[in-house]
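Per-entry structural report
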Amino acid sequence: MTEIELKAHVRDPSGTEERLRSFCTFRGETVKKDEYWKNPAGKTVRIREETGKPPVLTWKVKTLNGGVEVNDEKEFSVSSGSLCSEFLKEAGFSPSLRKEKRTKTYTCGAFPEAAGAGKGFPASLELSEIAGLGFFLEIEIMLDKPDGETEKEARQTLGVLLARAGIPESEIEERYYSELLALKDASPRKSSVAK
């Protein structure tokens, strides 16, 4: 499946949640704990442990254009996150990042007006608090082998849903969470020169 997704900073989580409940169906809350592993060639995989679900190993081929991610996503369930970690270590991967998301998930049906003359697309919307980064809204549409026109219509739908959630386009975050967390964790180096 191809994932068409954008994420945006949320400055007013309770207001955004109220808007989401006005046009979406609430699906529940969950905690997602992600551990990212990288090999020397730069390939990254993720082990996700989520409330009430088996661990999942995921890898993506990502592209980013104008704040919208287009990801070819591959994943499968594993019986044990810790055994999967052991395997990755033996296979030459090393842990590179941990991330925790507390998420409220919503879904909405297709909005034909969102895609112009198209049919629109159902979407998943997640209001998440990312530990150390704050609140974000992620809007995701999953497509099976999209062509250029279908992808364009999906992008338009993302924009319409973002506006319905009351979030301006200026809040779209183009960087990956891994980049944001790395920036947050980077501390200024102290000078070795005595003053």
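Residues numbered from 1 in each chain as written. Predicted model: local features only at pLDDT ≥ 70, side-chain atom pairs only at ≥ 80, totals over all residues. Heavy atoms only, no water.

Considerations on the nonpolar core
Generally speaking, soluble globular proteins have nonpolar side chains that are buried together. Put simply, the rule reads: As used here, the term nonpolar core means buried Ala, Val, Leu, Ile, Met, Phe, Trp, Tyr and Cys residues forming a set that is joined through side-chain atoms within 4.5 Å. Between buried and exposed lies partly exposed: a residue is buried under 20% and exposed over 50% of the maximum accessible area for its type, with that area taken using a 1.4 Å probe on protein chains only. By definition, any uninterrupted DSSP run of H or I lasting at least four residues is a helix, any uninterrupted run of E lasting at least two residues is a strand, and each is numbered from the N terminus. By the convention used here, residues are in contact when the closest approach between their heavy atoms is within 4.5 Å.
Membership of the largest hydrophobic core comes to 25 residues, with the highest contact counts inside it found for Leu 20, Leu 125, Leu 137 and Ile 139. Elements that contribute at least two residues to this core include exactly strand E1 (2–9), helix H1 (13–23), strand E5 (68–77), strand E6 (94–108), strand E7 (123–130), strand E8 (134–143) and helix H3 (148–164). With sequence-adjacent residues up to four places away left out, Leu 137 is seen in contact with Leu 6, Lys 7, Ala 8, Val 10, Leu 20, Leu 125, Glu 126, Leu 127, Ala 165 and Ile 167. Residues Val 45, Ile 47, Val 78 and Leu 88 belong to the second largest nonpolar core, which totals 8 residues.

What to know about the pattern of salt bridges
Convention followed: Here, a salt bridge means any Lys or Arg side-chain nitrogen found within 4 Å of an Asp or Glu carboxyl oxygen.
A full pass over the atoms with the stated rule returns 17 salt bridges. Lys 99 is the partner of Asp 34 in a salt bridge, and the nearest nitrogen-oxygen pair spans 3.4 Å. Here Asp 34 is found in strand E2 (residues 25–38), whereas its partner Lys 99 is found in strand E6, with 65 residues between them in sequence. For the pair Asp 34 and Lys 99, one class covers both residues: buried. Note that Arg 102 is salt-bridged to Glu 100, the shortest N-O span being 3.3 Å. Salt bridges sharing partners connect three or more residues here, namely Lys 32, Lys 101, Glu 126 and Glu 138.

Concerning the pairing of E2
Inclusion rule: Strands were regarded as paired on the criterion that DSSP finds at least two bridges between them.
Relative to E6, E2 is paired through 13 bridges, and the arrangement is antiparallel. When the sheet's bridge partners are listed, Lys 38 is paired in E6 with Ser 94.

Some thoughts on the sheet that holds strand E3 (residues 44–50)
Spelled out, the test is: Axis definition: a line fitted to C-alpha atoms, over the contacting stretch in the case of helices. Angles run 0 to 180 degrees between N-to-C directions.
Sheet architecture is closed into a barrel: 8 strands sit in the order E1-E5-E4-E3-E2-E6-E7-E8, paired in antiparallel fashion. Ignoring strand direction, the axes of neighbouring strands in this sheet form an average angle of 35 degrees. Of the strands in this sheet, E1, strand E4 (56–65), E5, E6, E7 and E8 touch H3, which is tilted by about 150 degrees from E8. Across the sheet, helix H4 (residues 177–185) touches E1, E6, E7 and E8, and the angle it forms with E6 is around 125 degrees.

Considering the side chain of Thr 2
Here Thr 2 shows up in strand E1. Filtering out sequence-adjacent residues up to four positions away, Thr 2 remains in contact with Val 70, Asn 71, Ile 141, Met 142, Leu 143 and Pro 146.

Things to note about the pairing of E1
The side chains of a regular strand alternate, first on one face of the sheet and then on the other. Here E1 lies mainly inside the structure; 8 of its 8 residues are buried. Side chains of E1 alternate between two faces, with Thr 2, Ile 4, Leu 6 and Ala 8 and Glu 3, Glu 5, Lys 7 and His 9 buried alike. With 5 bridges joining them, E1 and E5 adopt antiparallel strand pairing. Across the sheet, residue Ile 4 finds its bridge partner in E5, namely Val 70.

Some points on the packing of aromatic side chains
This is how it is decided: Aromatic contacts are taken between Phe, Tyr and Trp rings whose centres are within 6.5 Å, Trp giving its six-membered ring; a plane angle under 30 degrees counts as stacked, one over 60 as edge-to-face, and the others as tilted.
Evaluation of the coordinates by the stated rule reveals 3 aromatic pairs. Plain terms: the ring middles of Trp 59 and Phe 76 are 6.1 Å apart, the flat faces sit at 75 degrees to each other, and that makes the pair edge-to-face. In this pair, Trp 59 sits in strand E4 while Phe 76 sits in strand E5, placing the two residues 17 residues apart along the sequence. On the basis of relative accessibility, which here comes to 28%, the residue Trp 59 falls in the partly exposed class. Between Phe 136 and Tyr 177 the ring centres are 5.2 Å apart and the planes differ by 85 degrees, which places this aromatic pair in the edge-to-face class. Residue Phe 136 is found in strand E8, and its partner Tyr 177 is found in helix H4; the two are separated by 41 residues along the sequence.

Some thoughts on H4
Owing to its 3.6 residues per turn, the α-helix brings residues three or four apart onto one side. Here is the rule: The directions considered for the arc run from the helix axis to the C-beta atoms.
Three or more residues of H4 are buried, namely Tyr 177, Leu 180 and Leu 181. Here the buried residues of H4 occupy an arc of 95 degrees about the axis, which is enough to place them on one side. The inward-facing, buried residues of H4 contact E1, E6, E7 and E8.

Keep in mind these numbers describe shape, not what the thing actually does.
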